[in-house]
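# Analysis of the macromolecular model
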Amino acid sequence: IGIGGKGASDSADAKKNGDVVAICDIDDGRLNKDGESKFAGAKRYSDFRKLFDEQAKNIDAITVSTPDHTHAPAAAMGMRLGKHCFCQK
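Below is a summary of the structure that appears in this document. Everything numeric in this text was worked out from a predicted model, so none of it was measured. Within each chain, residues carry numbers counting from 1 in the order of the written sequence. In view of the model being predicted, local features appear only for residues whose pLDDT reaches at least 70, and side-chain atom pairs are presented and counted only at 80 or more, with totals across whole chains, interfaces and linings using the full set of residues. The side-chain numbers reported here are obtained from all heavy atoms of the structure, hydrogens and water having been left aside.

## As for the nonpolar core
Going by this rule: For this analysis, a nonpolar core means a set of buried residues of the types Ala, Val, Leu, Ile, Met, Phe, Trp, Tyr and Cys, connected via side-chain atoms within 4.5 Å. The cut-offs for exposure are 20% and 50% of the maximum accessible area for each residue type, with area from a 1.4 Å probe on protein chains only; residues under the lower value are buried, those over the upper are exposed, and the others partly exposed. What makes two residues a contact is simply this: any of their non-hydrogen atoms within 4.5 Å.
Grouped together as the largest cluster of nonpolar side chains are 12 residues: Ile1, Ala22, Cys24, Tyr45, Phe48, Leu51, Phe52, Ile59, Ile62, Val64, Ala74 and Ala75. Phe52 has contacts with Ile1, Ile59, Ile62, Ala74, Met77, Gly78 and Leu81, leaving out every residue within four places of it along the chain.

## What about the layout of surface pockets?
A water-sized probe, rolled over the atoms, reveals where empty space remains. Filter applied, for reference: Using only the protein atoms, space was sampled on a 1 Å grid; points where a 1.4 Å probe fits but cannot get out form cavities, open sets with protein on both sides within 12 Å along at least five of seven lines form pockets, and lining residues are those with an atom within 4 Å of a point. Grid points are joined across faces, edges and corners, and a volume is the space filled by probe spheres set on the points. The helix count covers DSSP runs of H or I at least four residues long, the strand count covers runs of E at least two residues long, and both are numbered beginning at the N terminus. Side-chain classes are defined by residue name, with Ala, Val, Leu, Ile, Met, Phe, Trp, Tyr, Cys and Pro counting as nonpolar, Asp, Glu, Lys and Arg as charged, and the others, Gly among them, as polar.
In this model, the largest pocket occupies a volume close to 450 Å³. Every residue lining the largest pocket is counted, 24 residues in all, and those nearest its centre are Ala14, Asp19, Val20, Ala61 and Ile62. Broken down by secondary-structure element, the contributors of at least two residues to the lining of the largest pocket are helix 1 (6–17), strand 1 (22–24), strand 3 (61–64) and strand 4 (84–87). In the lining of the largest pocket, the residues fall into 15 nonpolar, seven polar and two charged. Asp25, Ile26, Thr66, Pro67 and Thr70 are the residues nearest the centre of the second largest pocket, which is lined by 15 residues in total. Split into classes, the residues belonging to the lining of the second largest pocket amount to six nonpolar, six polar and three charged.

## Remarks on the pattern of salt bridges
The condition that has to hold: In the sections that follow, a salt bridge refers to a side-chain nitrogen of Lys or Arg positioned within 4 Å of a carboxyl oxygen of Asp or Glu.
Evaluated as defined, the whole model comprises seven salt bridges. Residue Lys6 pairs with Asp10 through a salt bridge whose shortest N-O separation is 3.8 Å. You can see Lys6 and its partner Asp10 sitting in helix 1, four residues apart, about one turn around the helix. For Asp10, a relative accessible area of 6% gives the class buried. Its salt-bridge partner being Lys16, residue Asp13 comes within 3.7 Å of it at the nearest N-O pair. You can see Asp13 and its partner Lys16 sitting in helix 1, three residues apart, about one turn around the helix. For Lys16, a relative accessible area of 68% translates into the label exposed.

## Some words on the packing of helix 3 (residues 48–55) against helix 4 (residues 68–80)
Formally: Think of each axis as a best-fit line through the C-alpha atoms, taken over the contacting stretch in the case of a helix, with angles from 0 to 180 degrees between the N-to-C directions. Between 65 and 115 degrees an angle is taken as roughly perpendicular, under 35 as roughly parallel, over 145 as roughly antiparallel, and anywhere else as oblique.
Where helix 3 contacts helix 4, the two axes come as close as 10 Å, and the packing angle between them is 10 degrees. By the angle class used here, helix 3 and helix 4 are roughly parallel. Across the interface between the two elements, Phe48, Arg49 and Phe52 of helix 3 pack against Pro73, Ala74, Met77 and Gly78 of helix 4. Residues that form the contact of helix 3 with helix 4 fall into these classes: five nonpolar, one polar and one charged.

Following this line, the structure appears as structure tokens:
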């Protein structure tokens, strides 16, 4: 969740250690560009709530690299679903 800025290295590290089945970023330009070039097999989402609704059964862990005001909601939703979570800050 969040693939630009610090999220670029966090999601790249996740990719080194497993399959990335979904990516999420509010910036559609970045989402489509990186979705094509770096995460071709991953489903794309601009809303992490929809990602969880549709992909919860397919994911084991999440990275949260978003602006400060969305760290807690995104991380808490993932952890409530029983997902391992790496969260910035």
